[in-house]
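# A structural walkthrough
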Amino acid sequence: CRILCYSEDELSNKIWLSLIHPDQKNNDSEIFDTFLESKIDHLSFETRLIRGDGITIIGQITLSRIDVLYHDKKCICLQLNDITSQTESEKLLKRNEMLAQRNLEELEWIYSNAPIGLCHFDLDLRYKRVNKFLASINGIPPNAHIGKKIFDLYPALTESAQLVKDTILRSRKPFHQEFRRENPSNSEQTRFFDENWYPLFDEKNSIIGFGAVVEEITEKKHVLALKAADRKKNELLATLAHELRNP
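Below or above, wherever it landed, is the structure these notes cover. Every chain begins its residue count from 1, and numbering advances along the sequence as written. Reporting of local features is limited, given that this is a predicted model, to residues whose pLDDT is at least 70; pairs of side-chain atoms are given and counted only at 80 or more, and all residues count toward the totals for whole chains, interfaces and linings. To get the side-chain values, take all heavy atoms of the structure and skip hydrogens and water.

### Quick word on unusual backbone geometry
Worth spelling out the cut-off: Strands are runs of DSSP state E lasting at least two residues, helices are runs of H or I lasting at least four, and both sets are numbered from the N terminus onward. Partly exposed residues are those whose accessible area sits between 20% and 50% of the maximum for their type, while under 20% is buried and over 50% is exposed, using a 1.4 Å probe and protein chains only.
Phi is positive for Cys-5, close to 60°, though the residue is something other than glycine. Within the element layout of this structure, Cys-5 appears in the segment before helix H1 (8-12). The exposure class assigned to Cys-5 is partly exposed, which follows from its relative accessible area of 35%. Notably, Arg-172 is not glycine yet its phi reads approximately 60°, a positive angle. Mapping Arg-172 onto the fold places it in the loop between helix H7 (158-171) and strand S6 (175-183).

Here is the structure:
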């Protein structure tokens, strides 16, 4: 009575199916008929019901056969539990899980396809993750990095990588540097990169590894070099013009 918001007298005069939500009546009627025609002793199912105050709730119904006769007919015991809050919580949890999964997939796609180099190292500077862009910079497939130390793949970076590691472990702050490297596909071409390293922390605020963001700035360097050359040329021309006007 409390669950359905009816008095005992009101509820005793009602047909059970009249309490079922209209959208559920046909389905629940079939369930009742199936139970009556079968030989099973118990049956549980979920349905929607309309309370006396008009509010719809979600209930778990358990039907059980009992050895009681009413007007020479066997009776059925019906147990009702209000699981509205539980069901809504489960739906909310499921929605949140789906949203979290979708966000994770989006982040994975962004990490993998970002037009900038991204990677993670453990404390021994072994690659744990590498995205496609950085792998293309290095000239090595992403999977070929995993588990390898940066020194193993790029011996020339041993000193600078160790310096970055020691500096971050000591300061616990990000570290920035520029470096140059020969083009893997053209040893005569030098490429320039802007590199930002940062520490990775666990829940105890202990450093457990390092992340790095690598951006190629070769074109930018070339543009700056051209601008600098133009500036020097203009300064030289201005000096010569001044001397010609003032011999």
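### Details of the nonpolar core
Filter applied, for reference: Here, nonpolar core refers to any group of buried Ala, Val, Leu, Ile, Met, Phe, Trp, Tyr and Cys residues whose side-chain atoms link them within 4.5 Å. Two residues form a contact once any of their heavy atoms are found within 4.5 Å.
Cys-119, Phe-121, Leu-125, Tyr-127, Ile-150, Trp-197 and Phe-210 are the most contacted members of the largest nonpolar core, which totals 23 residues. Put simply, the parts of the chain that give this core at least two residues each are strand S4 (117-122), strand S5 (127-130), helix H4 (132-138), helix H6 (150-153), H7, S6, strand S7 (186-201) and strand S8 (207-216). Excluding anything up to four places from it in sequence, Cys-119 contacts Tyr-111, Tyr-127, Arg-129, Val-130, Leu-134, Phe-210, Gly-211 and Ala-212. If you look at the next biggest cluster of nonpolar residues, it comprises 13 residues, including Phe-35, Leu-49, Ile-57 and Leu-80.

### Examining a nonpolar patch on the surface
Put simply, the rule is: Each patch groups residues whose relative accessible area exceeds 30% and which form no salt bridge, using 9 Å between like charges and 5 Å between nonpolar side chains of Val, Leu, Ile, Met, Phe, Trp and Tyr. In short, Shrake-Rupley with a 1.4 Å probe defines the accessible areas, and a residue's cover is counted only from the protein chains shown. We define a salt bridge as a contact between a side-chain nitrogen of Lys or Arg and a carboxyl oxygen of Asp or Glu at a distance within 4 Å.
Residues Leu-107, Trp-109 and Ile-110 make up a contiguous nonpolar surface patch of roughly 370 Å² in combined accessible area. Relative to the elements of secondary structure, Ile-110 occurs in helix H3 (residues 84-113). For Ile-110, a relative accessible area of 48% gives the class partly exposed.

### Some points on the pairing of S5
Heads up, the condition is: Being paired, for any two strands, means DSSP has found at least two bridges between them.
Pairing between S4 and S5: three bridges, direction antiparallel. Opposite His-120, over in S5, you have Arg-129 as the bridge partner. Hairpin geometry of S4 and S5 is characterised by an intervening segment of four residues between the two adjacent antiparallel strands and by a positive phi of about 60° at Leu-125.

### Comments concerning the layout of surface pockets
Basically, it comes down to this: Only protein atoms enter the 1 Å grid used here, on which a cavity is any set of points holding a 1.4 Å probe that cannot leave and a pocket is any open set flanked by protein within 12 Å on both sides along at least five of seven lines; residues with an atom within 4 Å of a point are listed as lining. Grid points are joined across faces, edges and corners, and a volume is the space filled by probe spheres set on the points. All amino acids are sorted into three groups, where Ala, Val, Leu, Ile, Met, Phe, Trp, Tyr, Cys and Pro are nonpolar, Asp, Glu, Lys and Arg are charged, and the leftover types, Gly among them, are polar.
Its volume calculated, the largest pocket comes out at about 430 Å³. Lining the largest pocket are 11 residues, and of these Leu-36, Lys-73, Lys-74, Cys-75 and Ile-76 lie nearest its centre. For the lining of the largest pocket, the secondary structure elements donating two or more residues are helix H2 (25-37), strand S2 (56-70) and strand S3 (73-82). When residues in the lining of the largest pocket are grouped by element, the largest group, five residues, is from S3. Across the lining of the largest pocket, the residue classes break down as seven nonpolar, no polar and four charged.

### Structural notes on H3
Because the α-helix completes a turn every 3.6 residues, residues three or four places apart line up on one side. Short version of the rule: Given the number of residues in a helix, its expected span is that number minus one, multiplied by 1.5 Å.
Here H3 spans 43 Å end to end across 30 residues, near enough to the 44 Å set by a 1.5 Å rise per residue. Within H3 the residues assigned to the buried category are Thr-84, Thr-87 and Tyr-111.

### Structural notes on H7
To keep it simple, the criterion reads: As used here, the arc is the angular range of directions from the helix axis to the C-beta atoms.
Its 14 residues place the ends of H7 20 Å apart at the C-alpha level, agreeing with the 20 Å of an ideal helix rising 1.5 Å per residue. Every buried residue of H7 is accounted for by Ala-161, Val-164, Lys-165, Thr-167 and Ile-168. For H7, the buried positions fall inside an angular range of 165° around the axis, keeping them on one side. Turned more than 90 degrees away from the buried face of H7, the exposed residues are Glu-159 and Arg-170.

### Quick notes on the pattern of salt bridges
Counting across every chain of the model gives six salt bridges. A salt bridge links Arg-126 to Asp-122; the shortest N-O distance between them is 3.9 Å. One salt bridge connects Glu-216 with Arg-191, and the closest N-O pair in it is separated by 2.7 Å. On the criterion of sequence distance, the pair formed by Glu-216 in strand S8 and Arg-191 in strand S7 is long-range, its members being 25 residues apart. When its relative accessible area of 30% is taken as the criterion, Glu-216 is described as partly exposed.

### Quick notes on the environment of Asn-27
Structurally, Asn-27 can be placed in helix H2. Note: C-alpha distance between Asn-27 and Thr-47 (20 residues apart in sequence) is 9.2 Å.

### Quick look at the packing of aromatic side chains
Worth spelling out the cut-off: Ring pairs shown here join Phe, Tyr and Trp side chains whose ring centres sit within 6.5 Å, with only the six-membered ring taken for Trp; geometry is labelled stacked below 30 degrees between planes, edge-to-face above 60, and tilted in between. A positively charged side chain is recorded as over a ring if its NZ (Lys) or CZ (Arg) lies within 6 Å of the ring centre. The angle to the ring normal must also be within 35 degrees.
Taken as a whole and assessed by the stated rule, the structure comprises four aromatic pairs. Pairing Phe-32 with Phe-45 gives two aromatic rings, centres 6.3 Å apart and planes at 80°, and the pair type is edge-to-face. Separated by 13 residues along the polypeptide, Phe-32 in helix H2 and Phe-45 in strand S1 (residues 42-50) bring together distant segments of the chain. This pair shows no difference in class: Phe-32 is buried, exactly as Phe-45 is. Cluster of aromatic residues (ring-pair linked, three or more members): Phe-121, Tyr-127, Trp-197 and Phe-210. Positioned above the aromatic ring of Phe-35 is the side chain of Arg-65, whose terminal nitrogen or guanidinium carbon lies 4.4 Å from the ring centre. Positioned above the aromatic ring of Tyr-111 is the side chain of Arg-129, whose terminal nitrogen or guanidinium carbon lies 4.2 Å from the ring centre.

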